[in-house]
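Observations on the model geometry
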Amino acid sequence: MADPLITDPLDPSGPRAATVPLTIGSAGTPLPGVLHVPAGPGPHPVLILLHGFPGNERNFDLAHAARRAGYASLVFHYRGSWGAGGSWSWAHVLEDAAAAVTATRDPATVAAWRLDPDRLAVVGHSAGGFAALMTAAALPPVAAAGSIAGFDFGAVAAACRADPALAATYVEAWRDELLPLAGTSAEDLVAEMLAAGDAYRLTGLADRLAGRPVLLVGAGLDTVAPPEVHHLPLVEAYAAQPGSLLEHHVLDTDHALADQRVALARTLIGFLDRRLG
């Protein structure tokens, strides 16, 4: 079998691979997306890739690698980010992720691009990892989920309640990330996180994700989402569930996994092949 990190597969007897725009409607706002469609007649399993806050790393390398491996891969922007209409908020990120699931399961989209809506995975990076796990927990049609250097907003909210000065450090840190975003402020985002509290705690999703494949990838040098706070507690909680289908890894790299992208792609594709392929 061809290595999807090296070789573009060609199927001369069927449709060629394609990269096509896919607009996602969320609360009346059109969100720009790009669907990477594999070669061949399908039906193709589907991977939705969720970027983080604000989305400097958009995971197009993972989308193309997954497409070469036979997965139709969607990358899109949430409301209020990178030119998309509407306003950014954590709640809107979750609503928009759910809208992306609906869009890729729409019968017209399924027929047009030869998709298999029953083999759908949602995987995200950082805040996108948070959104991927939250989305899968809320939507049983999501067959598998993955978090890459995921950020546990509920765990951070609890830490801020215990140490109010910590909230001010997040306001300062997030203020520098707002240029690509609209309709929000660092103060608003911290306030929203604190108001959500334990509802945003990822360890609390363990029972709702039990029995479905989950991939957790931490980054050992991560200073944004340190694994001892954002990764290892999830591993413990999810692995303890009866029927757990958890796979977990810690790669020796930073929050963006900047020097481990090939290893990350192989980890992700291996997980998808075992669980959806």
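Residues numbered from 1 in each chain as written. Predicted model: local features only at pLDDT ≥ 70, side-chain atom pairs only at ≥ 80, totals over all residues. Heavy atoms only, no water.

**As for the pairing of strand E4 (residues 72-76)**
Most of E4 sits out of view: five of its five residues are buried. Going residue by residue along E4, you find Ala-72, Leu-74 and Phe-76 tucked away on one face and Ser-73 and Val-75 tucked away on the opposite face as well. Bridge analysis of strand E2 (residues 29-37) against E4 gives four bridges, and the strand direction is antiparallel. Residue pairing across strands places His-36 opposite Ser-73, the latter belonging to E4. Here strand E3 (residues 44-50) runs beside E4; their pairing, made up of four bridges, is parallel. Residue Leu-47 lies in a different strand from E4, and its bridge partner there is Ser-73. (Buried < 20%, exposed > 50% of the residue type's maximum accessible area, 1.4 Å probe, protein only. Helix = DSSP H or I, 4+ residues; strand = E, 2+ residues; numbered from the N terminus. Pairing = 2+ DSSP bridges.)

**A look at the layout of surface pockets**
Approximately 490 Å³ is the volume attributed to the largest pocket. Taken together, 26 residues form the lining of the largest pocket, with Phe-53, Ser-126, Phe-151, Val-224 and His-255 sitting closest to its centre. Counted by class, the lining of the largest pocket contains 16 nonpolar, eight polar and two charged residues. (1 Å grid on protein atoms, 1.4 Å probe; cavity = no way out; pocket = protein on both sides within 12 Å on 5 of 7 lines; lining within 4 Å. Points joined across faces, edges and corners; volume = space filled by probe spheres on them. Nonpolar A, V, L, I, M, F, W, Y, C, P; charged D, E, K, R; others polar.)

**So, the packing of helix H2 (residues 90-105) against helix H4 (residues 127-138)**
Where H2 contacts H4, the two axes come as close as 10 Å, and the packing angle between them is 60°. With respect to H4, the axis of H2 lies oblique. Judged by the twist between their axes, the crossing of H2 over H4 is right-handed. Across the interface between the two elements, Trp-90, Val-93, Leu-94, Ala-97, Ala-98 and Val-101 of H2 pack against Ala-127, Phe-130, Ala-131, Met-134 and Thr-135 of H4. Residues of the contact of H2 with H4, tallied by class, amount to ten nonpolar, one polar and no charged. (Axes fitted to C-alpha atoms, helices over the stretch in contact; angles between N-to-C directions. Parallel < 35°, antiparallel > 145°, perpendicular 65-115°, else oblique. Left-handed = near helix turned anticlockwise from the far one by under 90°. Contact = heavy atoms within 4.5 Å.)

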